[in-house]
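Breakdown of the fold
What follows is each chain in one-letter form.
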Amino acid sequence: MKVAYWPGCVSRGFTPELHGSMAKVAPLLDLELIELDRAACCGAGVIAEHNQELADTLNARTFALAQQTDGALMMNICSTCQGAQSECQERLDANTDYRQQINQNLSDEGLSYERGLTNKNFLWLLVEEIGLDALKAKVRRPLTDLRVGPFYGCYIVRPVDRLGVDEEHPRDRYMHMVIEALGGTVIDYAGVYKCCGFPIITMNKQASLSMAGRHLGDAMDADADCLVVPCPLCHLNLDLQQPSASKVVGRELGMPVLHLPQLVGLALGLEPKDLGMSKHVVKPTSVIDWSTSVVAGTAPAAA
Amino acid sequence: MPEYLLRIRRFDPQSGEAAYWDEHSVELGERNSVLDAILKVKDEVDGSVGIRCSCQQAICGSCGVRMNGKPGLACNTHLEEAAARVRGVGWNPAEGLDESDDMTPAGVIEIEPMGNMPVIKDLIVDMDAVHWKKIQRVTPYLINKTPVPDREYIVPHENMVDVTQTMACIQCGACVSDCLSMEIDPLFVGPAALAKAYRFVGDPRDAEHYDRLNDLSQDEHGIYDCTHCFNCIDACPKGVDPMSQIMRLRRRAGSDEKIVDRNNGHRHEDAFVTLVRDYGLLNEAELLPRSYGGNSWFGKFHPAAGKELMSSIGTVATGVLRRKISPKTALLGHKLGKSDLSSLNHIYTEVEGRDQRVELNLYVTGYEDESERELAGIEDRQPPAEPSAPGEGSQSASSESETS
């Protein structure tokens, strides 16, 4: 399957292991990625908070570039991109006059967004396009006995109407389903659908790190071996900032946090180092037996 | 008639006993409301169940509760809808339940008091202690411009329409219940009160726009304490979109009033917007120092940026050691090609150069049905521009009574 691929900014900046692991996993899933290397940042909601028309124009440009490819749909690997782009697309698709005005802003480049683009996060694509049975059939190293806590964050599950979460598309359960399909054990804990705190890290660092620390602690209390996230911004607060979060909440943490393509890649037989796991701040030693590169058994969580 | 298992969270703080689940089977139609079921239990089985309610028509805002994890009004939530949420649907599933636990053909509905507020009894929470205190915090009344005109104020229609969405609030507290910022920072002014603040910031008759915005920007628990978690949008039974109102307050404060707050809120936004213009992509290594020290390359040399850098030195060092952050990325960032940057510059100039911002509010315009539109032969028109000083209308009142 060929897709117009939007990696986002952070996966090529402070979480390079995300972009790298997606590139490694794609061929194993028969995914051909046509990278949108001319597209701009989605704005992460911040540009929309400054000027809605500006955010809508930047994303309409990305959508238009995606529509110029022969990809079956557009795929992203960042929940924040999914949420911010879905918000802009909702407005663009809802009102012809508005869409025309936004397209007018793109006319100098000869670009135009046509209503009705399909833009799916890798998680949605895994379940809805590839399918759990096909995914299961590709597993080479089942995540047997690995206790994985899904951390959805916000942008990929809310608001449910805009993001198409319903009985037919239970997208708020997809990570649960993928973990199980890969042979792992799902750990439900209090933080599954909560906010990682990243958006206010520069405004209220104490509250931001308290959020991250609380969710990591809850996952530890539920005996998770690791968390998996569909968003690099969540990864920044839960992994890069974990030592600071530990100080704020006053407890030892040491909870490994995996990007979704890394978890999939592990189960499909890729080596942890090829998936960039050595770049994590909290080493996923509870996930991986580094000497043999085999998913560990029931080892307790440790940094 | 389907049978539902109601699990009601019971708690009386004055009893000295711990909270417990009280289970009742109720036979009611799937289109009956959760409130119907609670009142049936109260009327026929146990009159001591505490629930606050009045109009039963989603107008008074009294019967806010959590149903299978999601906050909302018990009176406008159908039993079948609440039961279907047992999986979660974006909210943590009800405690210890999953689909296999359906003990009746129709399902299980766990009913709890709203969160972020102390419980008075069972499903009744203390709205005065949290919600109303926060509403008072934002000066929830019009402060007239002077001199007062001899006759009534004339308010442009578009300004009236602009504040319609926030005026739809019925003060039920559902958004407060599950605000994830307030869960961590109880002092956060919160979604309901900030939506109320926009009702006056958007009203051209109000004389204190700047002071209101400055107050809520400078407050470390004010408009920049919202994390964009979207819980309030999904919780609201009236489509108020409190988070969107908070973003509009930020737009007014930062873009219109140029308020530079002490919480780095405006600097962060300003730096973000500028960096995307100049690089096309987000340059995280520049964004952080600029958020603290000011929106220029020299921002990193500001004492505030230096202080933050010193406090984060361990985090940065670990990132570099693990090759998560390469020196090249940190120093140069990543950039789009020249022709793309030139296109972005053109877009910025065009959009930022407008006399009035263009803002499409789907609450006001609705979702167009294209086929109907074509049939009607509606001619093209410009989308509504965001009014520069909107608003008119009277504050909606709500009444409530308590029974326990």
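Residues numbered from 1 in each chain as written. Chains lettered and ligands numbered in written order. Predicted model: local features only at pLDDT ≥ 70, side-chain atom pairs only at ≥ 80, totals over all residues. Heavy atoms only, no water.

For chain A, per-residue confidence averages 93 on the pLDDT scale, and 95% of positions sit at 70 or higher. Counting contacts from residues 297-303 of chain A, a segment whose pLDDT is below 50, to residues more than four positions away or on other chains yields 16 contacts. (pLDDT = per-residue confidence, 0-100. Contact = heavy atoms within 4.5 Å.)

Counted by the stated rule, this structure contains 43 salt bridges over all chains. Of the charged contacts, one joins A:Glu128 and A:Arg171 as a salt bridge, the two residues approaching to 2.8 Å between their closest N and O atoms. Of this pair, A:Glu128 sits in helix 6 (residues 122-130) while A:Arg171 sits in the loop between helix 8 (160-163) and helix 9 (174-181), and the two are 43 residues apart along the sequence. The partner of B:Asp122 in a salt bridge is B:Lys121, with the nearest N and O atoms 2.9 Å apart. Neither residue differs from the other here; B:Asp122 and B:Lys121 are each classed as buried. Within the structure, one salt-bridge network assembled from shared partners comprises A:Asp56, A:Glu87, A:Glu90, A:Arg91 and A:Arg162. (Salt bridge = Lys/Arg side-chain N within 4 Å of Asp/Glu carboxyl O. Helix = DSSP H or I, 4+ residues; strand = E, 2+ residues; numbered from the N terminus. Buried < 20%, exposed > 50% of the residue type's maximum accessible area, 1.4 Å probe, protein only.)

Here we come to the interface of chain B and chain A. Contacts between the two partners involve 81 residues from chain B, matched on the other side by 85 residues from chain A. Where chain B abuts chain A, roughly 7,500 Å² becomes buried across the two surfaces, and 55% of that area is made up of carbon and sulfur atoms. In this structure, the salt-bridge partner of A:Glu53 is B:Arg354, at a minimum N-O distance of 2.7 Å. Partitioning the side of chain B that touches chain A into residue classes produces 31 nonpolar, 25 polar and 25 charged. (Buried area = accessible area lost by both parts, 1.4 Å probe. Nonpolar A, V, L, I, M, F, W, Y, C, P; charged D, E, K, R; others polar.)

All names here are of chain A. It is at 9 Å that the axes of helix 3 (residues 52-68) and helix 5 (residues 96-106) come closest, and there the two elements cross at 70°. In terms of orientation, helix 3 lies roughly perpendicular with respect to helix 5. Side by side, helix 3 and helix 5 meet where Gln52, Glu53, Asp56, Thr57, Ala60 and Arg61 of the first sit next to Tyr98, Gln101, Ile102, Asn105 and Leu106 of the second. Here the residues of the contact of helix 3 with helix 5 are counted per class, giving four nonpolar, four polar and three charged. (Axes fitted to C-alpha atoms, helices over the stretch in contact; angles between N-to-C directions. Parallel < 35°, antiparallel > 145°, perpendicular 65-115°, else oblique.)

Quick look at the sheet that holds strand 7 (residues 226-229) of chain A now. Residue and element names in this part refer to chain A. Here we have four strands laid out as an open sheet, ordered 6-5-7-8, and parallel in their pairing. Either end of the sheet is taken by a strand with one partner, and the two such strands are strand 6 (185-186) and strand 8 (257-259). Of the strand pairs in this sheet, strand 5 (residues 147-150) and strand 7 are connected by three bridges, and their pairing is parallel. Note on strand 7: the bridge partner recorded for Val148 is Cys226. This element, helix 13 (residues 260-267), spans strand 5, strand 7 and strand 8 of the sheet and lies at about 85° to strand 8. (Pairing = 2+ DSSP bridges.)

Right, let's talk about unusual backbone geometry for a bit. The residue after A:Arg158, namely A:Pro159, is reached through a cis peptide bond having omega -10°. With respect to the helices and strands, A:Pro159 occurs in the loop between strand 5 and helix 8. Going from B:Thr146 to B:Pro147, the amide bond is cis rather than trans, its omega being 0°. Structurally, B:Pro147 is set in the loop between helix 3 (128-137) and helix 4 (157-162). In the Ramachandran plot, A:Asp145 falls in the positive-phi region, its phi being about 65° despite a non-glycine side chain. By the secondary structure assignment, A:Asp145 is in the loop between helix 7 (132-138) and strand 5. Of note, B:Asn264 is a non-glycine position whose phi angle comes to about 70°, a positive value.

Below, the discussion takes up the packing of aromatic side chains. Applying the stated criterion across every chain yields a total of three aromatic pairs over all chains. A ring pair is formed by A:Phe63 and A:Tyr113, whose centres lie 5.4 Å apart and whose planes are at 55°; its orientation type is tilted. Highlighted residues: A:Phe63 in helix 3 and A:Tyr113 in the loop between helix 5 and strand 4 (119-121), separated in sequence by 50 residues. Here A:Phe63 matches A:Tyr113 in class, with each residue buried. Taking 5.1 Å as the distance between ring centres and 25° as the angle between the ring planes, the aromatic pair formed by A:Tyr152 and A:Tyr193 counts as stacked. Pair noted here: A:Tyr152 is in the loop between strand 5 and helix 8 and A:Tyr193 is in the loop between strand 6 and helix 10 (205-221), with a separation of 41 residues, a long-range link. Note on accessibility: A:Tyr152 and A:Tyr193 belong to one class, buried. Note that B:Arg9 overlies the ring of B:Trp21, its terminal NZ or CZ placed 4.9 Å from the centroid. The ring of B:Tyr279 has B:Lys335 sitting right over it, with the charged end atom 5.2 Å from the ring centre. (Phe/Tyr/Trp six-rings, centres within 6.5 Å; stacked < 30°, edge-to-face > 60°. Lys NZ or Arg CZ within 6 Å of the ring centre and 35° of its normal.)

Side chains that are three or four residues apart share a direction in an α-helix, a result of its 3.6 residues per turn. By the criterion of burial, helix 11 (residues 232-240) of chain A is predominantly enclosed, with nine of the nine residues buried. Every buried residue of helix 11 of chain A is listed here: A:Pro232, A:Leu233, A:Cys234, A:His235, A:Leu236, A:Asn237, A:Leu238, A:Asp239 and A:Leu240.

Attention now moves to the sheet that holds strand 2 (residues 20-27) of chain B. All names here are of chain B. In spatial order, the strands read 2-1-6-4-5; together these five strands make up an open sheet with mixed pairing. Bordering the open sheet on either side are strand 2 and strand 5 (70-73), each of which pairs with just one other strand. Direction aside, the axes of adjacent strands within the sheet are offset by 30° on average. As judged from the eight bridges shared by strand 1 (residues 3-10) and strand 2, these two strands associate in the antiparallel manner.

Time to look at helix 3 of chain A. Residue and element names in this part refer to chain A. Here helix 3 is 17 residues long and its end C-alpha atoms lie 24 Å apart, about the 24 Å a rise of 1.5 Å per residue gives. Extensive coverage of helix 3 is indicated by the burial of 15 of its 17 residues. One side-chain oxygen at the N-terminal end of helix 3 lies 3.0 Å from the backbone nitrogen of Glu53; it belongs to Asn51. (Expected span 1.5 Å × (residues − 1). Polar contact = N/O pair within 3.5 Å; in protein donor to acceptor, adjacent residues only side chain to side chain.)

All names here are of chain B. With 86% of its residues at a pLDDT of at least 70, chain B reaches an overall mean of 87. Overall, residues 388-404 carries pLDDT values under 50, and its contacts beyond four positions in sequence, including any with other chains, amount to 65 contacts. Two numbers describe this predicted complex: its pTM, 0.90, and its ipTM, 0.93.

In this section: the pairing of strand 7 of chain A. All names here are of chain A. Burial along strand 7 is two-sided: Cys226 and Val228 and Leu227 and Val229, pointing in opposite directions, are all buried. By the bridge criterion, three bridges tie strand 7 to strand 8 in an arrangement that is parallel. The residue of strand 8 that forms the bridge with Leu227 is Val257.

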